[in-house]
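Letter by letter, the chains look like this.
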Amino acid sequence: MRRPLLPQHVALPRDTLWTSLQLLPSTPSTNAELAERARKGAAHGTLLVAEEQTAGRGRRDRTWSAPAHSSLMVSALVRPRADPALWGWLPLLTAVAVAEAVQGAGAADTEIKWPNDVLVAGRKIAGVLCEVVPGTGDGTGDGAGRAAVVAGWGLNVDQAAGELPGPQATSLRLAGADTDRGRVLHRALERWSCWYRRWDGGDVAAVRTAYESLSSTLGAEVRALLPTGATVEGRAVALADSGGLVIRAGRREVVVAAADVVHLRPVLPP
Ligand code: BTN
């Protein structure tokens with residue numbers, strides 16, 4: 001019998017950007033619910049956490065599901081001041097925060113597959129989905145009319161192998177790590193606030209360094225499947241200033257902004 005999260009398990013960490021956290025027993029999707037609230041003017045720093053999602057959204061129109069009380073499903077509403085050309089870093093910095101929480105729970109061999117899949121020993125443990133909500137243009141002075149981003153992540157915590165989508169997925173339990181969801185959430189929220197503030201304050205370089213040190217993609221031979229159906233194959237050599245992936249394909253360098261990436265061969269020595 002899995003224990004529900006209680007309000008005392010989800011106290012907001014101090015000195016962070018988070019202004020409120022609501023725990024929902026069940027919702028179609030925390031991202032969808034928070035996007036709706038964003039359109040109605042919800043504040044920067046609002047968090048939603050769900051025990052169950054009935055229509056959880058994944059990247060590229062996929063779904064995301066987990067048995068009730070088994071995982072963490074979290075969405076945050078932020079209204080960045082940073083140049084929209086840099087918003088591609090938001091999913092990346094969110095993945096860094098989640099990866100650090102996974103490491104803090106004791107999972108060895110934690111990496112990020114570009115753009116924002118968190119892996120433990122090569123298996124996916126968490127995914128991130130960021131969605132932009134256009135601003136209303138209302139000049140209320142508190143920023144409520146500014147464009148928002150709903151950043152959501154799902155982390156497999158207590159699932160057994162048979163409760164996961166397949167052998168390519170894992171959970172903190174299967175990794176032998178801490179499965180106390182309150183503790184893991186607290187750590188993730190601290191790290192998320194820290195990286196968000198650095199990024200929104202202009203220190204993209206710090207986020208880049210943290211991401212690069214966790215990346216399993218940089219240096220690897222990859223195939224990127226683009227939303228158009230086209231593919232790019234080559235060596236992933238860098239992150240672009242936008243957060244996109246730079247792939248050296250023959251003599252060309254292509255910047256990929258949104259794609260599914262397959263690692264063809266592991267990282268080659270420099
Ligand atoms: C992916 O890897 O495809 C991204 C998965 C993102 C899932 C999270 S769970 C909380 C938030 N609400 C959603 O509907 N999706 C995200």
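Residues numbered from 1 in each chain as written. Predicted model: local features only at pLDDT ≥ 70, side-chain atom pairs only at ≥ 80, totals over all residues. Heavy atoms only, no water.

1. Overview of the site of the ligand
Right, so step 1: The ligand sits among 20 residues. The nearest are Ser29, Thr30, Arg57, Arg59 and Lys124.
Right, so step 2: A distance of 3.0 Å separates a nitrogen atom of the ligand from a polar atom in the side chain of glutamine 53.
Right, so step 3: Bound to the protein, the ligand loses 98% of the 420 Å² it would expose on its own.
Right, so step 4: Listing elements by their share of the shell around the ligand, those giving two or more residues are α1 (30-39), β3 (71-78), β6 (123-133) and β7 (148-156).
Right, so step 5: With 4 residues, the single largest contributor to the shell around the ligand is β6.
Right, so step 6: Residues that form the shell around the ligand fall into these classes: 6 nonpolar, 10 polar and 4 charged. (Near = heavy atom within 4 Å. Polar contact = N/O pair within 3.5 Å; in protein donor to acceptor, adjacent residues only side chain to side chain. Areas by Shrake-Rupley, 256 points an atom, 1.4 Å probe, with all protein chains shown as cover. Helix = DSSP H or I, 4+ residues; strand = E, 2+ residues; numbered from the N terminus. Nonpolar A, V, L, I, M, F, W, Y, C, P; charged D, E, K, R; others polar.)

2. Looking at the pattern of salt bridges
Right, so step 1: Throughout the structure, instances matching the rule amount to 19 salt bridges.
Right, so step 2: We note a salt bridge from arginine 39 to glutamate 36, for which the minimum N-O separation is 3.4 Å. Of this pair, arginine 39 and glutamate 36 both sit in helix α1, 3 residues apart, roughly one helical turn.
Right, so step 3: Taking the relative accessible area as the measure of exposure, glutamate 36 reaches 35% and is therefore partly exposed.
Right, so step 4: Between aspartate 203 and arginine 198 there is a salt bridge, and its shortest N-O distance comes to 3.2 Å.
Right, so step 5: Its relative accessible area of 30% is what places aspartate 203 among the partly exposed residues.
Right, so step 6: What emerges from the salt-bridge pattern is a single network uniting Arg59, Arg60, Arg62 and Asp260. (Salt bridge = Lys/Arg side-chain N within 4 Å of Asp/Glu carboxyl O. Buried < 20%, exposed > 50% of the residue type's maximum accessible area, 1.4 Å probe, protein only.)

3. Topic: the side chain of lysine 113
Right, so step 1: Assignment of secondary structure puts lysine 113 in strand β4 (residues 110-113).
Right, so step 2: Residues contacting lysine 113, with those up to four places away along its chain left out, are Leu119, Tyr211, Ser216, Thr217, Val261 and His263. (Contact = heavy atoms within 4.5 Å.)

4. Considerations on the sheet that holds strand β9 (residues 231-239)
Right, so step 1: On the basis of which strands lie adjacent, the open sheet formed by 5 strands has the order β11-β10-β9-β8-β12 and antiparallel pairing. Each having just a single partner strand, β11 (252-256) and β12 (260-265) make up the two edges of the open sheet. Sheet twist, expressed as the average angle between the axes of neighbouring strands with direction ignored, equals 45 degrees.
Right, so step 2: Two strands pair when backbone bridges link them, and strand β8 (residues 221-225) and β12 are joined in this way by 5 bridges, in the antiparallel orientation. Bridge pairing in β12 links valine 222 to histidine 263. (Pairing = 2+ DSSP bridges. Axes fitted to C-alpha atoms, helices over the stretch in contact; angles between N-to-C directions.)

5. With respect to the nonpolar core
Right, so step 1: Formed by 68 residues in total, the largest nonpolar core has its most connected members in Trp153, Leu155, Trp192 and Trp199.
Right, so step 2: Considering each element in turn, this core owes the most residues, 11 residues, to helix α2 (residues 89-104).
Right, so step 3: Every residue in contact with tryptophan 199, bar those within four places of it in the chain, is listed here: Pro80, Ala82, Leu86, Trp87, Trp89, Leu90, Leu93, Val204 and Val207.
Right, so step 4: Ala35, Leu48, Leu77 and Ala148 belong to the second largest nonpolar core, which has 10 residues in total. (Core = buried A, V, L, I, M, F, W, Y, C linked by side-chain atoms within 4.5 Å.)

6. Considerations on α2
An α-helical turn contains 3.6 residues, so any two residues separated by three or four positions project in the same direction.
Right, so step 1: Counted at 1.5 Å a residue, the expected span for α2 with its 16 residues is 22 Å, and the 22 Å between its end C-alpha atoms agrees.
Right, so step 2: Of all 16 residues in α2, 14 are buried; the element is thus mostly enclosed.
Right, so step 3: Glycine 106 sits one or two positions beyond α2 and adopts a positive phi of about 100 degrees. (Expected span 1.5 Å × (residues − 1).)

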